[in-house]
Amino acid sequence: MPVGNMPLAALLTGDGRHLVLTLGGWRQQGIQVLERASGRVIQTVGQPGAFLGLAWGPGGRTLYVSGGAADVVYAYTWRAGTEPPAMLADSIMLGTAGAPRGDRYPAGIALGAGGRTLYVAENLSDSIAVIDLDTRRVMQRVGTGPYPYAIAVAPDGHVYASAWGGTAVNVFRADSRGRLAALRPVDVGRHPSALLLNADGSRLFAVSGSTDRVAVVDTRVGRVVRWLLDPSPGGVVEGSTPDALALSPDGTRLYVAEADANAVAVFELSAPTSGSATASGSDGLAGRLPTEWYPTAVVADGDSLWVVNAKGRGSGPNPKGPQPDVPLERVDPRAYTLGQLDGSVTVLPIARGAALDALSRRVAHANGWDTPGIVQSHYPPFEHVVYIIKENRTYDQLLGDLRQGDGDTAFLFFPRGVSPNHHALAERFGIFDRFFVNAEVSNQGHPWSTAGYVTDFTEKTTPDDYRGKRLEHDEAGDADVPAAGYLWDAALQHGLAVRNYGEYAEPAPRGPADSGAPMTRARIASLQPYTSASYPPFDLTIPDQRRADAWLAELHEYERIGRMPALEILHLPGDHTAGARPRRPTPRAYMADNDLALGRIVEGLSHSRFWGSTVVFVLEDDAQDGPDHVDSHRSVLLAISAWSRGGVSHRFVNTTDVLATVEQILGLPSLSAFDHFGRPLGEIWSDTPDLRPYTALTPSQALTELNVASGPDARRSARVDLTQADRVDDDAFNRILWRTIKGSGVPYPASRRSAVQEFVRGR
């Protein structure tokens, strides 16, 4: 059943006739009411903000909904038997006068045991707000661990809150008025999110999202008494991403939504684990039920499970863009990749025995787990990998005019005259016209490219981040760090030399007396010792030629000493462009600069002693910034080396397949289930090297061409925040690019074919 944009939570009505969902998407936020008998959405209520929390008041007559970035809890009067049944009655304010909107960010909510108190997890202020429902005011705030997510209240009044950015569940005792006093927290593993109490409150289930485990806490003694293991096959550290829980009515079966496995895991519980004398299971994973993309909530009721899938059936064709006489403000938000992802609700049977086994096999096949695993490919004698990450282009935008590949010139932004090196490198070393990025946007794109995994924190907060409503951006401490770490961590652990150029980097602080050239530092501590101080981070006032200069200077030093790092990671971001921003380079000039920088890097490497032992992979972190006639996720991949066979490859490749290839070449372990079950590029190499050096081509497009200083697109671009990658409404930004390059008389095109899901793994 299709529902709205990025549903995150679900709650049954008391009579079981309806399912209420929260929508936390980029395009749409609020609640939806689903009629279970017909499967249709009977009501949609928009809110300025929405996130995770749903709770019924006493008697099921009031519905409380967390307001996310709006810093409120919405109270709806529920009128059973009417349509629509929910009527907004009040808003309970959490923010304080003069504070920025969104500094509290209510997440999970739960009613106190006496029914007169509401507990609210304030995700961005690391606190629980205790609300007196008679006065509708906050009567107390208590501190929690970082990024509190879910709240659970036991029958005895004890309150539990998961710290999404930490490792603990905070525990509180409530007095007769509902005020809280902190008790000793319980360590339940990294990134705890969903919480669930059994009927008598003696057992608390808490998921550890990035370690694929569920902690079972005996609340009477305040400690973990069992770990339920929920990994993908193959011994990988992360990749299932449990993020929601439900118990069978008798409390003997636990259902765990696995966001990244697109499944619900089924655990048959033992008596000690469940707290139920009738339970007879072994606490093992009994099987899995298939869902659609990224399940975020599961409700057990009778003989069925109702599963909410945040991304539903995935991306589809982009809608038509505006005509010249249609203002950008009236553009259909479904034109943007985050706006394409409508959720769904799947109804699953309570399967057992052979039926559960058959459904488990479907899950395994859909995830590629039923293959023998990655076979070690035979590679040329590579000793060095240069991994270049660029910004946001689709295949058609950049290579749509290559006749050898499946391109569409109607979508072309940067033809050969603007990007001659990209064209020449693809023609000599190989054209990949079925490369798809794993990410929708850069918040996800850089972790996918360097870690093969994105935490549920990043997935669930990205929509508001890209709406400009969530206060922090990019790194959020430990909350968005994958448990297995990053590619450079694996390389260092295996004794390989690493060098980083601009990835996860920022300008280093400068003192008043500093007069030298600006320096760069890493934003991630583990990367700092290996980060080039002279290579500029993301900054659209700095041309990519300076980045090429800095990299080539270090290459010359490696040439002198006869050693080059085994792994180099470069961020080459100029193809992001600044749109029509006044007095900035035009999009054509930005792309030409980026193209020449890439050509110079390959030229320098090909003239060095390392050419025969090095492979260069070039990809975009995501493809959010443009149209493509195959899919909005299709993007640009180059695999450059003296051993590259060239030609056209039509096989499916995604970001984590490239990461798996890098790992095999360098002898590194997998970082997640995605690269572990990936399909490395083992078939694209020649038996003999072509050691001819590459000569960089100079674009015919001038690198110094500037945007005009006035006009509507110039004014819109001037308001775009270009201090960090992708702090911008990218659909609107891309339309500015289109008109800047093509002129106002050429209508913006729309995608014409189906989603990436048609290219199934194994085809």
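Structure first, text after, so check above.
Residues numbered from 1 in each chain as written. Predicted model: local features only at pLDDT ≥ 70, side-chain atom pairs only at ≥ 80, totals over all residues. Heavy atoms only, no water.

S.K.: Would you mind showing me how to read the overall build of the protein chain here?
M.R.: A tally of regular secondary structure across the protein chain gives 14 helices and 40 strands. By residue count, 63% of the 763 residues in the protein chain fall in the buried class. Residue pairs at least 24 apart in sequence account for 64% of intrachain contacts in the protein chain once pairs closer than 6 positions are excluded. With an accessible surface of roughly 26700 Å², the protein chain has 52% of that area assigned to carbon and sulfur atoms. (Helix = DSSP H or I, 4+ residues; strand = E, 2+ residues; numbered from the N terminus. Buried < 20%, exposed > 50% of the residue type's maximum accessible area, 1.4 Å probe, protein only. Contact = heavy atoms within 4.5 Å. Areas by Shrake-Rupley, 256 points an atom, 1.4 Å probe, with all protein chains shown as cover.)

S.K.: It is not clear to me how the environment of leucine 23 should be interpreted in this structure. Could you clarify?
M.R.: Here leucine 23 lies in strand E3 (residues 18-24). With a relative accessible area of 1%, leucine 23 lands in the buried category. Residues leucine 23 and alanine 50 lie 27 residues apart in sequence; the distance between their C-alpha atoms is 6.5 Å. What leucine 23 contacts, discounting residues up to four positions off in sequence, is Gly4, Asn5, Met6, Pro7, Gln28, Gln29, Gly30, Gln32 and Ala50.

S.K.: Please clarify how the environment of aspartate 396 should be interpreted in this entry.
M.R.: Within the secondary structure, aspartate 396 sits in helix H4 (residues 395-399). Overall, aspartate 396 belongs to the buried group, its relative accessible area being 0%. Residue contacts for aspartate 396: discarding those within four places in its chain leaves Asp406, Gly407, Asp408, Phe411, Leu412, Phe413, Pro627, Asp628, His629 and Arg634. There is a polar contact of 3.0 Å between the side chain of aspartate 396 and the backbone nitrogen of aspartate 408. (Polar contact = N/O pair within 3.5 Å; in protein donor to acceptor, adjacent residues only side chain to side chain.)

S.K.: What's the story with the sheet that holds strand E29 (residues 342-349) in this structure? I'm lost.
M.R.: Across a sheet, strands are paired by hydrogen bonds formed along the backbone, either parallel or antiparallel in direction. Here four strands make up an open sheet; going across it, the order is E1-E29-E28-E27 and the pairing antiparallel. Either end of the sheet is taken by a strand with one partner, and the two such strands are strand E1 (2-5) and strand E27 (293-301). Geometrically, the sheet is characterised by an average inter-axis angle of 25° between neighbouring strands, direction not taken into account. When E1 meets E29, the two strands line up antiparallel, connected through two bridges. Looking across to E29, one finds that proline 2 is bridged to serine 344. (Pairing = 2+ DSSP bridges. Axes fitted to C-alpha atoms, helices over the stretch in contact; angles between N-to-C directions.)

S.K.: Honestly, the side chain of glutamate 503 in this entry has me stumped. Any pointers?
M.R.: For glutamate 503, the location among the structural elements is in the loop between strand E33 (498-501) and strand E34 (505-507). It is arginine 523 that comes nearest to the buried, bridge-free glutamate 503 among opposite-charge side chains, at 7.3 Å. In terms of polar contacts, glutamate 503 uses its side chain to reach the side chain of histidine 446, at 2.7 Å. Every residue in contact with glutamate 503, bar those within four places of it in the chain, is listed here: Ile389, His446, Thr450, Leu527, Ile569 and His571. (Lys, Arg positive; Asp, Glu negative; His and termini not counted. Salt bridge = Lys/Arg side-chain N within 4 Å of Asp/Glu carboxyl O.)

S.K.: For this particular structure, what's the right way to read the packing of aromatic side chains?
M.R.: We describe a pair of aromatic rings using the distance from one ring centre to the other and the angle between the two ring planes. The tally for this structure, following the rule as stated, stands at 18 aromatic pairs. Considering the side-chain rings of phenylalanine 51 and tryptophan 164, the 6.3 Å spacing of their centres and the 50° angle between planes classify their relative orientation as tilted. Here phenylalanine 51, found in the loop between strand E5 (40-46) and strand E6 (54-56), pairs with tryptophan 164, found in the loop between strand E15 (159-163) and strand E16 (168-174); they are 113 residues apart in sequence, far enough to count as distant. Grouping residues by exposure puts phenylalanine 51 and tryptophan 164 together as buried. Ring centres 5.6 Å apart and planes at 20° place the aromatic pair phenylalanine 436 and phenylalanine 652 in the stacked group. One end of the pair, phenylalanine 436, is in strand E32 (residues 435-436); the other, phenylalanine 652, is in the loop between strand E39 (648-649) and strand E40 (653-654), and 216 residues separate them in sequence. The same class applies to phenylalanine 436 and to phenylalanine 652, which are both buried. (Phe/Tyr/Trp six-rings, centres within 6.5 Å; stacked < 30°, edge-to-face > 60°.)

S.K.: Just checking my understanding: could you explain the sheet that holds strand E36 (residues 567-571) for this structure?
M.R.: Taken together, the five strands give an open sheet; going across it, the order is E33-E36-E30-E37-E38, and neighbouring strands pair in mixed fashion. At either margin of the open sheet sits one strand with a lone partner, and together these are E33 and strand E38 (637-641). This sheet shows a mean twist of 10° between the axes of neighbouring strands, independent of strand direction. By the bridge criterion, four bridges tie E33 to E36 in an arrangement that is parallel. Each bridged residue has a counterpart across the sheet, and for asparagine 500 the counterpart in E36 is isoleucine 569.

S.K.: How do you make sense of helix H9 (residues 544-561) when you look at a structure like this?
M.R.: Each full turn of the α-helix corresponds to 3.6 residues, which orients residues three or four apart in the same direction. Here H9 is 18 residues long and its end C-alpha atoms lie 26 Å apart, about the 26 Å a rise of 1.5 Å per residue gives. Those residues of H9 that fall on the buried side of the exposure criterion are Asp544, Gln545, Arg547, Ala548, Ala550, Trp551, Leu552, Glu554, Leu555 and Tyr558. As for H9, its buried residues are in contact with E33, E36 and helix H10 (587-606). Two residues or fewer past H9, glycine 562 is found with a positive phi of approximately 80°. (Expected span 1.5 Å × (residues − 1).)

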